[in-house]
Amino acid sequence: MKKIIISILMCSLLFVQPHVSDAFSAQVVQRGAYGDDVIELQARLQYLGFYNGRIDGKFGYGTYWALREFQQSYGLDVDGIAGKATKEMLVNNSEYNENFVKNQIAKGNRFTHYGGIPLEQQVQSGTGNATASGNANTTGNPSSSSMQLPANYSERDIQLLANAVYGEARGEPYEGQVAVAAVILNRLESPDFPNTISEIIFQPRAFTAVADGQIWLTPNPRAKEAALDAINGWDPSENALYYFNPKTATSEWIWTRPQIKQIGEHIFCY
Amino acid sequence: MKNAVYLLSIVVVILGLYAFDAKREQHALERAVHAHYTNELANASEKLSLLHTTIAQSMLFQDEKALHNELDTIWRVSNDMRNSISRLPLHQDVANEWMRYLGRISEEAKNADSLKDANKWREKMTVVNGNLHALTEEWEVATANYFQQDGDFSKWSKVTNVETANSPFATMSVNLKSFNETDFPLTASESDYQKKRELKNLMDEPISKTEAIEKFKMYFPKIDDATITVTKSHDDAAYPFYHVQFVRGSRIGYADITEKGGHILSFLLERPISKDVLSHEEILESAQKFMKKAGFEDTEVTEARENHEAWHFVFTRKVDDALVYPDSVHVKVAKDNGEILGINAMEYIQKETINKQSENPIDWKQFFGEGVIIEDEKKIYTENDRYDLRLCYEVIARLPNNLYDTFRVVVDAENHEVVQIDALS
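Residues numbered from 1 in each chain as written. Chains lettered and ligands numbered in written order. Predicted model: local features only at pLDDT ≥ 70, side-chain atom pairs only at ≥ 80, totals over all residues. Heavy atoms only, no water.

1. Focus on the interface of chain B and chain A
Which entries qualify depends on this criterion: The contact criterion used is simple: two residues touch if any of their non-hydrogen atoms lie within 4.5 Å. We define a salt bridge as a contact between a side-chain nitrogen of Lys or Arg and a carboxyl oxygen of Asp or Glu at a distance within 4 Å. Whenever two N or O atoms come within 3.5 Å, that pair is a polar contact, provided that in protein one can donate a hydrogen and the other can accept it, and provided that, for residues adjacent in sequence, both atoms are side-chain atoms. Strands are runs of DSSP state E lasting at least 2 residues, helices are runs of H or I lasting at least 4, and numbering of each runs from the N terminus. All residues other than Ala, Val, Leu, Ile, Met, Phe, Trp, Tyr, Cys, Pro, Asp, Glu, Lys and Arg, Gly among them, are scored as polar; the first ten of these are nonpolar and the last four charged.
Each partner contributes to the interface: chain B provides 71 residues, whereas chain A provides 70 residues. Linking chain B to chain A there are 9 salt bridges. For the pair chain B and chain A, the number of links is 38 residue pairs in polar contact (both at pLDDT 80 or more). If one sorts the elements of the side of chain B that touches chain A by residue count, helix α3 (residues 92-115) of chain B sits on top with 6 residues. Class assignment of the residues belonging to the side of chain B that touches chain A gives a composition of 28 nonpolar, 24 polar and 19 charged.

This is the structure we're talking about:
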């Protein structure tokens, strides 16, 4: 009988999971992370009054400092990393209305998630772009268009780049799409061109997609990924400043530029 | 029959009205564009005239304060004119040369203001002033027609679409090219920077196409059975390289490998990414393993960013106790299985030459305002705006507010010049 009871106890122990949290995944969340865990972390920190920034699922410095302040206040190791102990302490001391937060993100509303204030009073409706951030994507990320970028680049930059890539090179291989975005960024570093991504793209006569209006087509995720890779430093064009389609180019001048390589239909040159 | 004629008449009238309306809209748009371009042209002409006058005026002064005012105006006006030029439908060639020339004037004014050397400025600007005088006259001749035209936009667009050699800007284009070279020759640092970018310092033996494929398979053994196509860079490329394109099932991508020494410049792989997600530690470990295997052992992680499908890491070369930021490798790793999706080692291959430089430690409490919190301090090497590689202190500092505004501040370790400030989100 004793053996049976011990066996039952042992078996039941196997099914007992250490209580970490109701919603956080098992992942350790730290600076640079992105996604649902970060949304929950930001929302819980905001509930307790430590985080005053935007709940966007991006673990940047704002979240980092807030987390450190929380760890300091609750007697935890202050490392700015949300491990098991930190997440447990957060879950035990805060509330997280996942439906509310995810809904507001999906609608593109500006909102907060402070404790002690009715949630309906924390929403400014119609302040966001529902189509840009509302497509709940398969990976469970906070937004389909929102991305983490290196310092000095903005969401606007990546949106413009993606539009240019899609308008100019949507039929090209992925490498060719990254190369088109890289050409725009190479112009940003060149003294021969304007100083912002927007001015470069909309410089008169610079891009066919601007002239024929294809720049305004909605870019697909592939074009956005290509823009992101270029912003992160990839340059399959190998420092090119121009590209052209040899089958359709009408300018004599473009043929005088020193050529580097061909990707798909485009020749890239200095 | 009568009905058919009646219907046809109605259709003709509707089409006529539609065509009339469309034409009217087109004219309205053309007039708006015409007005915009004329305005920008007039702005550019005024600024050119002002710039020329101010440069001449600046040469009057030895007094620091009087010179400062003129240099400040030159810096501002040359930038404004640069912007106006970028908004005009000039031929790319003419616009590029103009922007380069104006940019150099602006930079010169900024440097002269910080160096406070009136003699050097005067020496340089004597030539620029003469050339700018010539350019002003040529600009007036080239653009005169634009102001005299009768509002017919088709004449405008006809002029803007011709090649430079046949346009009113032909002489100006040739002169601008020449003045850019004579008035502002490359400095030693700029020349070194150019050589580095063109991989002129790479002295390894050239490899063959077959060896390039072997290198590719060595770097990426998991896709060594892919269908591979190799082409060589065009003859005009600053550095010769092999362009390896591959397909293996749903995996499609490329790798550029230098001809000299077979160094990997960049690599990207595209494939569908599943919903599975590995932990940050597992993904980082995968990146670190690759870096070790590929021979980038003297690096450490300096940046990590997660996105929808992948993590982007930056590994930076470490020399003694300082990070050499211009020698970095970018790695893209799939979130679902830790596969390497991208490598960008161009900067690492360019490898910086590190010169000795003295250090004067900084008391950050004195350097920053009251309450500013410093999280981290590192020694780094980075380029200043004159393309000199400098040993610097990199400090992560935040303002004492509840929004946690955080900045990366880079300060020259020797002369304490602030080299860079980035707002960190």
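Moving on from the coordinates now.
2. Remarks on helix α6 (residues 170-183) of chain B
All names here are of chain B. Rules: Take the residue count of a helix, subtract one, and multiply by 1.5 Å to get its expected span. Residue exposure (1.4 Å probe, protein chains only): buried if accessible area is under 20% of the type maximum, exposed if over 50%, otherwise partly exposed. Picture the helix axis, draw a direction to every C-beta atom, and the arc is the one those directions span.
Here α6 is 14 residues long and its end C-alpha atoms lie 20 Å apart, about the 20 Å a rise of 1.5 Å per residue gives. Those residues of α6 not exposed but buried are Met 172, Ser 173, Asn 175, Leu 176, Phe 179, Asn 180 and Asp 183. Projected down its long axis, α6 shows its buried positions confined to an angular sector of 165°, all on one face. Among the exposed residues of α6, those oriented more than 90 degrees off its buried face are Val 174, Glu 181 and Thr 182.

3. Side note on the packing of aromatic side chains
All names here are of chain A. Filter applied, for reference: Aromatic pairing here means that ring centres of Phe, Tyr or Trp (its six-membered ring) are within 6.5 Å. Orientation follows from the plane angle: under 30 degrees is stacked, over 60 is edge-to-face, and everything else is tilted.
In total, this model carries 31 aromatic pairs over all chains according to the counting rule given. A ring pair is formed by Phe 50 and Phe 70, whose centres lie 5.7 Å apart and whose planes are at 85°; its orientation type is edge-to-face. In this pair, Phe 50 sits in the loop between α2 (36-47) and α3 (61-73) while Phe 70 sits in helix α3, placing the two residues 20 residues apart along the sequence. Judged by its relative accessible area of 14%, Phe 50 falls in the buried class. Take Phe 70: its relative accessible area is 0%, and that puts it in the buried class. Where Tyr 242 meets Trp 253, the ring centres are 5.2 Å apart and the plane angle is 90°; that geometry is what we call edge-to-face.

4. Looking at the pattern of salt bridges
Residue and element names in this part refer to chain B. In total, this model carries 43 salt bridges over all chains according to the counting rule given. A salt bridge links Lys 335 to Glu 306, with the shortest nitrogen-to-oxygen separation between them at 3.0 Å. Pair noted here: Lys 335 is in the loop between β7 (322-334) and β8 (340-344) and Glu 306 is in strand β5 (residues 299-306), with a separation of 29 residues, a long-range link. One salt-bridge network, in which partners are shared between bridges, spans Asp 376, Lys 378, Glu 394, Arg 408 and Asp 422.

5. What to know about the environment of A:Ile260
Along the chain, the position of A:Ile260 falls in strand β4 (residues 259-263). By relative accessible area, A:Ile260 is classed as buried at 0%. Distance from A:Ile260 to A:Ala66, taken between C-alpha atoms, is 48 Å for residues 194 residues apart in sequence. Those residues in contact with A:Ile260 that lie beyond four places of it in its chain are A:Ser237, A:Glu238, A:Asn239, A:Ala240, A:Phe268, A:Cys269, A:Tyr270, B:Ser233, B:His234, B:Ala237 and B:Phe241.

6. Re empty space enclosed by the protein
All names here are of chain B. The condition is simple: Cavities and pockets were defined on a 1 Å grid built from protein atoms only: a cavity is a group of points that admits a 1.4 Å probe but offers it no way out, a pocket is an open group of points flanked by protein on both sides within 12 Å along at least five of seven lines, and a lining residue is one with an atom within 4 Å of any such point. Grid points are joined across faces, edges and corners, and a volume is the space filled by probe spheres set on the points.
Evaluated as defined, the whole model comprises 2 cavities of 30 Å³ or more. The computed volume of the largest cavity comes to approximately 120 Å³. For the lining of the largest cavity, the element with the highest residue contribution is helix α5 (residues 153-161), accounting for 3 residues. Taken together, the residues of the lining of the largest cavity sort by class into 10 nonpolar, 4 polar and 1 charged.

7. Here we look at the sheet that holds strand β3 (residues 242-244) of chain A
All names here are of chain A. Going by this rule: When DSSP finds two or more bridges between a pair of strands, those strands are recorded as paired. All axes are obtained by fitting lines to C-alpha atoms, using only the stretch in contact for helices, and the reported angles, taken between N-to-C directions, cover 0 to 180 degrees.
The 3 strands lie next to each other as β3-β5-β4, forming an open sheet whose pairing is antiparallel. Across the chains shown, the open sheet's two edge strands, defined by having one partner strand only, are β3 and β4. Each adjacent strand pair in this sheet contributes to an overall mean axis angle of 25°, direction not counted. Helix-sheet contacts for helix α8 (residues 174-189) involve β3, β4 and β5 (266-269), and the interaxial angle to β5 is about 30°.

8. Examining the domain arrangement of chain B
Residue and element names in this part refer to chain B. Definition in use: Segmentation into domains, and thus their bounds, comes from an automatic or database assignment. Note: buried area is the sum, over both parts, of the accessible area (probe 1.4 Å) each one loses when the two are combined.
You can read the domains of chain B as domain 1 (2-185), domain 2 (209-349) and domain 3 (364-423). Measuring from the centre of the C-alpha atoms in domain 2 to the corresponding centre in domain 3 gives 31 Å. Listed per partner, the contact involves 6 residues of domain 2 and 10 residues of domain 3. Across the domain 2 to domain 3 interface the summed buried area is about 640 Å²; carbon plus sulfur atoms make up 62%. The largest share of the area that domain 2 buries against domain 3 comes from Leu 323, Tyr 325 and Pro 326, three residues that together contribute 60% of it. Summed over the shared surface of domain 2 and domain 3, the result is 1 salt bridge.

9. Focus: the side chain of B:Ser78
All names here are of chain B. Of note, Ser 78 is situated in helix α2 (residues 64-86). A polar contact of 3.1 Å, which involves the side chain of Ser 78, links it to the backbone oxygen of Trp 75. The contact partners of Ser 78, leaving out residues within four places of it in the chain, are Leu 51, Leu 102, Ile 105 and Ser 106.

10. Observations regarding the side chain of A:Lys58
All names here are of chain A. With respect to the element layout, Lys 58 can be found in the loop between α2 and α3. Residue Lys 58 is classed as buried on the basis of its relative accessible area of 17%. In this structure the side chain of Lys 58 is engaged in a polar contact, spanning 2.7 Å, whose partner is the side chain of Glu 155.

11. Here we look at unusual backbone geometry
Even without glycine at this site, A:Asn152 takes up a positive phi of about 80°. Its identity as a non-glycine residue notwithstanding, B:Tyr404 has a phi of 55°, on the positive side. Along the chain, B:Tyr404 turns up in the loop between β10 (389-398) and β11 (406-412). Overall, B:Tyr404 belongs to the buried group, its relative accessible area being 9%.

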